[in-house]
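# Structural features, examined
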Amino acid sequence: MRDAAAPATPAVPPAGDRAAVLEVTGLRKEFGELVAVDGVSFSLPPAGSLAIVGESGSGKTTIARMIVGLERPTAGAITACGADRSRPARSAADRRRRGREVQIVFQDPYTSLDPRQTAEETLAEVIRLHHRWPPARRRERVAELTGMVGLDARQARSVPRALSGGQRQRVAIARALAAEPRVLILDESVAALDVSIQAQVLNLLADIRDRTGVSYILISHDLAVVRQLTDEVIVMRRGKVVEQGPTGQVLDHPCHPYTQRLRASVPRPGWKPQMVAAAAGEAGSG
Amino acid sequence: MTGPAAAGTGALLEVSGVTVRLAVEGARRPVLREVSLDIRPGEAVGLVGESGSGKSMTARAVGRLLPRGAEVTGTIRFAGRDVAGLSGAELRGYRGQVAMIFQDPRAHTNPVRRIGDFLTEALRTNQGVPAREATQRAVDMLAQVGIEDGARRLRQYPHQLSGGLLQRVMIAAALLTGPRLLLADEPTTALDVTTQAEVMAILDDLRRRLGLGMLFITHDLELAAAICDRTAVMYAGQIVEIRESALLHSDPLHPYTAALAAARPDIARTAPRLRAIPGRPLSAFEAPEGACSFAPRCAHAEDRCRATAPGIIELDGGLSRCLRARDLRGQLGGEPEHEARPGQPAGPLEAADA
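## Remarks on the overall build of chain A
- Each helix and strand counted, chain A has 12 helices and 10 strands in total.
- For chain A, the C-alpha radius of gyration of 19 Å lies close to 19 Å, the compact-globule estimate for 286 residues.
- Taken along its principal axes, the extent of the C-alpha atoms in chain A is 65 × 45 × 40 Å.
- Within chain A, the fraction of its 286 residues that count as buried is 48%.
- In chain A, the proportion of contacts linking residues at least 24 apart, taken out of those at least 6 apart, comes to 66%.

Listed below in structure tokens is the structure:
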């Protein structure tokens, strides 16, 4: 399923664990009169990587919020690791279990990290929540996580304010991984990063998937980032899926006029914005 | 068609050796260092760089919008006149000639005032145009940016317009005073990609039709190359390269430009590994004295790069601030390599931010 150019083979999942880690069927969300998400279905294999692409108002972030339990679906089913999660968790233990299934990293790590907690403290707190480990084992795991995301000892002891945007996003990724989730949702997680830092974080995410077998859902408006990090893509417009398939195929040969227009809107050498309007006219999707 | 920035003669905007220092916690810190840049009448020049590189500060210096207490050396001339000396009516006149378009239109409109007030304010108060005529000119200008029902839009409030529509209103506002130069600071960054294409098409068409010069600020090298005649690349408060846009990707003159283009993922193929630039971008005040600012992250740096501050040199029709620019001709840019270079970071540990 991966693009032919991609060399990395995802880590082989444990035997008997080949079933989808996340299954979404007929997902629907209404906010009053507005249908934000309408009949969305997809399935994510272990160590898979799926992109949800669309512009503002397409419903992509609402899907993420339903999967992590921040919104309750109007209809449809969400199954993670075989367990239903379309209804709210019934107990703290149930919530913790769900946290070990799916974690999320948001766009702006500055507003999602506690300003008074160092990176190490942030990670230790998550580990304490999920494991009754002695302090030494906990410290070992904190060091392992900070090493995995490439933070040095000084950065690990820093509060968010003292870190750069790229470093803060590494902390947010490490915090999400601390719960050892099977699925990591990346909601525009690299969108705010400078180009040179974004490349570091994208390489890091590819390494982590190879090493841990975690699956990704990448929510993004950036088709080049989607090409780099994902195997499958769904393209959304106004709450509905307009196109779905292997990432390389959808981006190289988009079938739906909207996907064609999205693809044509990305600046590249020789690109002129006037071409997009012309193409939209031909495709009949003004 | 466009060569390197010719000093003086005929330029609409001439920025020469501009250094700006701001007071931060009692200390004066540089945010721009020796920035020189010319824009000819009708020419679009891109200004590209990562956060903290000084691109917005350059536009603010040109627009006379620097924070209070900023210390400026060097000169900025518009149509031959030194901009630093303008005040009162002359400064208002200058601001009519040099219009700014910002990234976030909502932050630059008053939410409790109607679009019509906003659009006609400069005409009525600065140019003494009667209200009825100002309104008619606003409706005409809205039609030019592709908003047909202008009269209705003038009665609406900013929150009733989508981001793309509001940014078109901002473009109309910028053009209403009859400027000769546009300063566009990331005007489409907050917009969806299809909306970006629509807004850029309108801006590009109008600019060409009206023969306006433009300084176009963006972090997107590809967008700058597509829209602008020439592109300037900034790093740590300095311009490190100015190049004809058509040659920027295929034949860059500075290792930073080449590294920036190579680090960006490609929509047409999945790279085995992105060629990330190690470390993080420096701000102007963090840059070492007497050395190349990019040397710590540069794959081509030698000992002399860490011991000498490079000046700008002319090379093959462009400008480069690299000591090795001549040696490296033909080695930068072009098709990306498929393997990481020896000594380049292979794992996340080495790739960590500095």
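Having seen the model, we can carry on.
## Brief notes about the interface of chain A and chain B
- Across the contact, 46 residues belong to chain A and 41 residues belong to chain B.
- Elements with a minimum of two residues in the side of chain A that touches chain B: α5 (135-148), α7 (165-178), α8 (195-212), α9 (223-229), α10 (247-252), α11 (257-264) and α12 (273-283) of chain A.
- Of the residues contributing to the side of chain A that touches chain B, the split by class is 23 nonpolar, 14 polar and 9 charged.

## Side note on the domain arrangement of chain A
Residue and element names in this part refer to chain A.
- Split by domain assignment, chain A resolves into domain 1 (22-113 + 180-253) and domain 2 (256-286).
- For domain 1 and domain 2, the distance between their C-alpha centres works out to 26 Å.
- At the level of elements, β9 (232-237), β10 (240-246) and α10 are the ones that each hand at least two residues to the side of domain 1 that touches domain 2.
- Looking at the side of domain 1 that touches domain 2, its residues break down into 5 nonpolar, no polar and 2 charged.

## Side note on the domain arrangement of chain B
Residue and element names in this part refer to chain B.
- For chain B, the assigned domains are domain 1 (13-228) and domain 2 (241-265 + 276-339).
- Measuring from the centre of the C-alpha atoms in domain 1 to the corresponding centre in domain 2 gives 29 Å.
- Elements supplying a minimum of two residues to the side of domain 1 that touches domain 2: β2 (27-39) and α8 (221-227).
- With 5 residues, the top contributor of residues to the side of domain 1 that touches domain 2 is β2.
- A per-class count over the side of domain 1 that touches domain 2 returns 7 nonpolar, 5 polar and 3 charged.

## A closer look at the sheet that holds strand β4 (residues 71-78) of chain B
Residues and elements named next belong to chain B.
- Strand order in the open sheet formed by 4 strands is β2-β1-β4-β5, and the pairing between neighbours is antiparallel. Whereas interior strands pair on both sides, the edge strands pair on one side only; in this sheet they are β2 and β5 (81-82).
- Relative to β2, strand β1 (residues 13-24) runs antiparallel, the two being bridged by 9 bridges. Bridging across to β2, Val15 finds its partner in Leu37.

## Some remarks on the packing of helix α6 (residues 163-176) of chain B against helix α7 (residues 193-210) of chain B
Residues and elements named next belong to chain B.
- Packing of α6 against α7 leaves a shortest axis separation of 10 Å and a crossing angle of 15 degrees. By the criterion of interaxial angle, the relationship of α6 to α7 is roughly parallel. For the crossing formed where α6 meets α7, the hand is right-handed. On α7, the residues that touch Gly164, Gln167, Arg168, Ile171 and Leu175 of α6 are Thr195, Glu198, Val199, Ile202, Leu203 and Leu206.

## A short note on helix α2 (residues 92-101) of chain A
Residues and elements named next belong to chain A.
- Taken together, the buried positions of α2 are occupied by Arg98, Gly99 and Glu101. All buried residues of α2 fall inside an arc of 155 degrees around its axis, so they share one side. Exposed and facing more than 90 degrees away from the buried side of α2 are Ala92 and Ala93.
- At its buried positions, α2 is contacted by β4 (75-80), β6 (102-105) and β7 (183-187).

## Section: unusual backbone geometry
Residue and element names in this part refer to chain B.
- Backbone geometry at Ala79 places phi at a positive 50 degrees, although glycine is not the residue there.
- Owing to 15 C-beta atoms within 10 Å, Ala79 belongs among the partly exposed residues under this scheme.
- In this structure, Asp316 is a non-glycine residue whose phi angle is positive, near 45 degrees.
- For Asp316, the position within the fold is in the loop between β11 (313-315) and β12 (318-320).
- Given 15 C-beta atoms within 10 Å, Asp316 falls into the partly exposed group.

## With respect to helix α4 (residues 131-144) of chain B
Residues and elements named next belong to chain B.
- Compared with the 20 Å implied by 1.5 Å per residue over 14 residues, the 20 Å span of α4 between its first and last C-alpha is a close match.
- Three or more residues of α4 are buried, namely Ala134, Ala138, Val139, Met141 and Leu142. Seen along its axis, α4 keeps its buried residues to an arc of 165 degrees; they face one direction. Exposed side of α4, more than 90 degrees from the buried face: Arg132, Glu133 and Asp140 are the residues found there.

## Digging into the environment of Tyr256(B)
- The topology assignment puts Tyr256(B) in helix α10 (residues 255-263).
- Between the C-alpha atoms of Tyr256(B) and Thr195(B), which are 61 residues apart in sequence, the distance is 30 Å.

## Here's the deal with the environment of Glu120(A)
All names here are of chain A.
- The residue Glu120 is located in helix α4 (residues 119-130) in this model.
- We classify Glu120 as buried; it has 21 C-beta atoms within 10 Å.
- Between the C-alpha atom of Glu120 and that of Ser56, which follows or precedes it by 64 residues, the distance is 35 Å.
- Excluding residues within four positions of it along the chain, Glu120 makes contact with Val142, Ala156 and Arg157.

Here is what the cut-offs are and how they apply
- Residues numbered from 1 in each chain as written.
- Chains lettered and ligands numbered in written order.
- Predicted model: local features only at pLDDT ≥ 70, side-chain atom pairs only at ≥ 80, totals over all residues.
- Helix = DSSP H or I, 4+ residues; strand = E, 2+ residues; numbered from the N terminus.
- Rg over C-alpha atoms; globule rule 2.2 N^0.38 Å.
- Buried ≥ 20, exposed ≤ 12 C-beta atoms within 10 Å, placed from the backbone.
- Contact = placed C-beta atoms within 7 Å.
- Nonpolar A, V, L, I, M, F, W, Y, C, P; charged D, E, K, R; others polar.
- Domains from an automatic or database assignment.
- Pairing = 2+ DSSP bridges.
- Axes fitted to C-alpha atoms, helices over the stretch in contact; angles between N-to-C directions.
- Parallel < 35°, antiparallel > 145°, perpendicular 65-115°, else oblique.
- Left-handed = near helix turned anticlockwise from the far one by under 90°.
- Arc of directions from axis to C-beta.
- Expected span 1.5 Å × (residues − 1).

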